[in-house]
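Overview (structure and organization)
Residue strings, one per chain:
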Amino acid sequence: MSANDGPLYLGFDLSTQQLKAIVVDSDLKIAGQAKVDFDGDFGPKYGIHKGVLVREETGEVYAPVALWLESLDLVLDRLAEAMPVPMSRIKGISGSGQQHGSVWWSDQAEELLAGLDPAKPLAEQLPGALSREFAPNWQDHSTQAECDAFDAALGDREKLAESTGSGAHHRFTGTQIMRIKRVEPDVYAKTSRISLVSSWLASVLMGAIAPLEISDVCGMNLWDIPKQQYNEELLALAAGKDGADELRRKLGEVRMDGGGSMGPISPYYVSRYGFSPDCQIVPFTGDNPATILALPLRPLDAIVSLGTSTTFLMNTPKYKPDGAYHFFNHPTTNGHYMFMLCYKNGGLAREKVRDALPKPEGGATGWENFNDAVLSTPPLGISSEEDRAKIGLYFYLRETVPNIRAGTWRFDCKPDGSDLRETEGWDKQLDPRIIVESQALSMRLRSQNLVHSPKDSLPAQPRRLYLVGGGSLNPAIARVIGDVLGGVDGVYKLDVGGSACALGGAYKAVWAIERKDGETFDELIGKRWKEEGSIEKVDDGFRDGIYQKYGNVLGAFNEMEETLLAQEKE
């Protein structure tokens, strides 16, 4: 079979502000892509800003589901125009949706989905399929009372995390369901099924309600990860004492296999866009799990996203939950998990430190000034044997990991981590290195139990570190990330063109349809994925001696956080 007539695979990414579609062939080469920008294409019609509507008085953040329906038709129109080959060659479709959001179906949904008329657009045919016209967005923060109830339900927040992989969060679907049932009881009563955004998109493409998927279901605070089933106490909390069975029916069964087919594409798309009737719909997942599918991320590999916020992702066979971070079932590998840390104080915090430096001379930019300060400062600011190690927290927003108020705190200790003291401060020229170190030390502290020695009796650490986001372009930040976190095979900048989630979905479709019996995602994709053009080594990573220096102060770093957390309770 030539490359000109082989199978193709389509991946979607339904994010907060865009719907992207990307097509790859069996060798993972991109064959076509298109996107819809919600504000640019539909902003005036729906009154949205950055993809959402906001009700300030309640903290609700939500999106019109009709917007997504219109966008699906539009992105497929654009994809059909952009594709140099027929859409009929697409054999499998998967993708991702913004995590935690929910779409609420009416009792007419199955009938309307099954009877779509290809002569009419989706948005004209499916309003009656919804019991609620809006979907909560991950930025929603209207559920504090429900979060308090969830955190207390099993004993405390840590017990909740042991069961569901996370402490309670405003955006998680379980707390959202609990609130909607409380404030919109009529909507809850007339809802026949509840989908996540990922399974909703799969449903519309399949013409039948798709099951929730094994990884995305972990973003609900309802799924018991150790037992791999819904937690009865939490279902009863969300739906009321006698409502657990009803809520379980509304949620439906969970698809335990991330691969294979859930069924063929709806005839609507065959007639309207020229898809093959044999095109199969593969389970969709959440946007964060899809990110780790955009490259064959092996155990001990980690992704550090250095954007406005900072995110740390790992594929791990170890399940060691904590209320401060997140665990999800891995989207393709049974028995593995996705570990995720999310920090509010990322790029913006580094910018604040940059802007507080003395103005650069000789035409240097602020970032050049920042980088010079980073690289001219020794690890932990220790210039001599008498110097104390310097650590700090730079929170310009209230942080979640740990949950500490906005503020800047500077501490020092002996190089072995003993004798921790709060200090009035130090020269501002030290702050650039200390803030990057502090962000990396927090990641190392929380991931240390998930890593082991990669080889040759080296200290426990990640095998590779992949950097994405704006900060990945900064060599000084890459250097410090490698100093603190290690990475025995190096630190790499990962570039997938801003389409990681859609690509992850497309790769998932390739694996799901073409896998042999027992062939894992990593095995199949690892053979076909080409590093050239996608990654660039930007730092050596692990440096013997320096890595251990940071290990010596991890205990002091944790003590600093505990001291500040205790002050929160005073």
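Quick note: structure is the one above.
Along each chain, residue indices are assigned from 1 in the same order as the chain's sequence is written. Reporting of local features is limited, given that this is a predicted model, to residues whose pLDDT is at least 70; pairs of side-chain atoms are given and counted only at 80 or more, and all residues count toward the totals for whole chains, interfaces and linings. The basis for every side-chain value is the complete set of non-hydrogen atoms in the structure, without hydrogens or water.

Axis lines are fitted through C-alpha atoms, for helices just across the contact stretch, and the angle between N-to-C directions can take any value from 0 to 180 degrees. Only DSSP runs of H or I reaching four residues or more are called helices, and only runs of E reaching two or more are called strands; each is numbered from the N terminus. Viewed as axis vectors pointing N to C, helix α1 (residues 38–46) and helix α2 (residues 65–82) meet at an angle of 140°, and their least axial separation amounts to 11 Å. Put simply, α1 runs oblique to α2. Seen from above, α1 lies across α2 with right-handed handedness. Contacts from F38, D41, F42, K45 and Y46 of α1 reach α2 at A66, L67, W68, E70, S71, L74 and R78. Here the nonpolar group is Ala, Val, Leu, Ile, Met, Phe, Trp, Tyr, Cys and Pro; Asp, Glu, Lys and Arg are the charged ones; every other residue, Gly included, is treated as polar. Residue composition of the contact of α1 with α2, by class: seven nonpolar, one polar and four charged. Oblique is the label for any angle not under 35 degrees, not over 145, and not in the 65 to 115 range, which are roughly parallel, roughly antiparallel and roughly perpendicular in turn. By convention the crossing between two helices is left-handed if the near helix lies anticlockwise of the far one by an angle smaller than a right angle, and right-handed if it lies clockwise. Two residues form a contact once any of their heavy atoms are found within 4.5 Å.

Attention now moves to unusual backbone geometry. V401 connects to P402 through a cis peptide bond whose omega is -5°. Summarising the element assignment, P402 is placed in the loop between β21 (389–395) and β22 (407–413). The residue L28 is not glycine, and still its phi comes out positive at about 75°. Tracing the backbone shows L28 in the loop between β2 (18–25) and β3 (30–37). Positive phi outside glycine occurs at D419, with the angle close to 60°.

Once that is clear, we can look at helix α21 (residues 554–568). Helix length check: α21, at 15 residues, gives a terminal C-alpha distance of 21 Å against a target of 21 Å (1.5 Å per residue), a fit within 8%. Exposure classes here rest on a 1.4 Å probe applied to the protein chains alone. A residue is buried below 20% of its type maximum, exposed above 50%, and partly exposed in between. The complete set of buried residues in α21 reads L554, A556, F557, M560, E561 and L564. Structurally, α21 contributes buried residues whose contacts are with β21, β22, α16 (431–447) and α20 (546–552). To estimate the expected span of a helix, count its residues, drop one, and scale the result by 1.5 Å.

The next point concerns the layout of surface pockets. A pocket here means an open set of points on a 1 Å grid, computed over the protein atoms alone, that has protein on both sides within 12 Å along at least five of seven lines. A cavity is instead a set of points where a 1.4 Å probe fits but cannot get out; residues with an atom within 4 Å of a point line either one. Grid points are joined across faces, edges and corners, and a volume is the space filled by probe spheres set on the points. When its volume is computed, the second largest pocket comes out at roughly 310 Å³. Of all elements in the fold, only β3 and α18 (500–514) reach the threshold of two or more residues within the lining of the second largest pocket. Among the residues forming the lining of the second largest pocket, the class breakdown is eight nonpolar, five polar and six charged.

Our focus in this paragraph is the side chain of E437. Position of E437 among the secondary structure elements: in helix α16. A relative accessible area of 1% means that E437 is categorised as buried. The residues contacting E437, other than those within four sequence positions of it, are P378, P379, L380, K390, V480, V484 and Y550.

On to the sheet that holds strand β4 (residues 53–55), then. If DSSP finds at least two bridges between two strands, the strands pair. Strand order in the open sheet formed by three strands is β4-β5-β8, with antiparallel pairing between adjacent strands. Strand pairing shows two members of the sheet lacking a second neighbour, β4 and β8 (134–136), which therefore form its edges. Across this sheet, the average inter-strand angle for adjacent strands is 35°, counted without regard to direction. Bridge analysis of β4 against strand β5 (residues 60–64) gives three bridges, and the strand direction is antiparallel. Along β5, the bridge assignment pairs R55 with E60.

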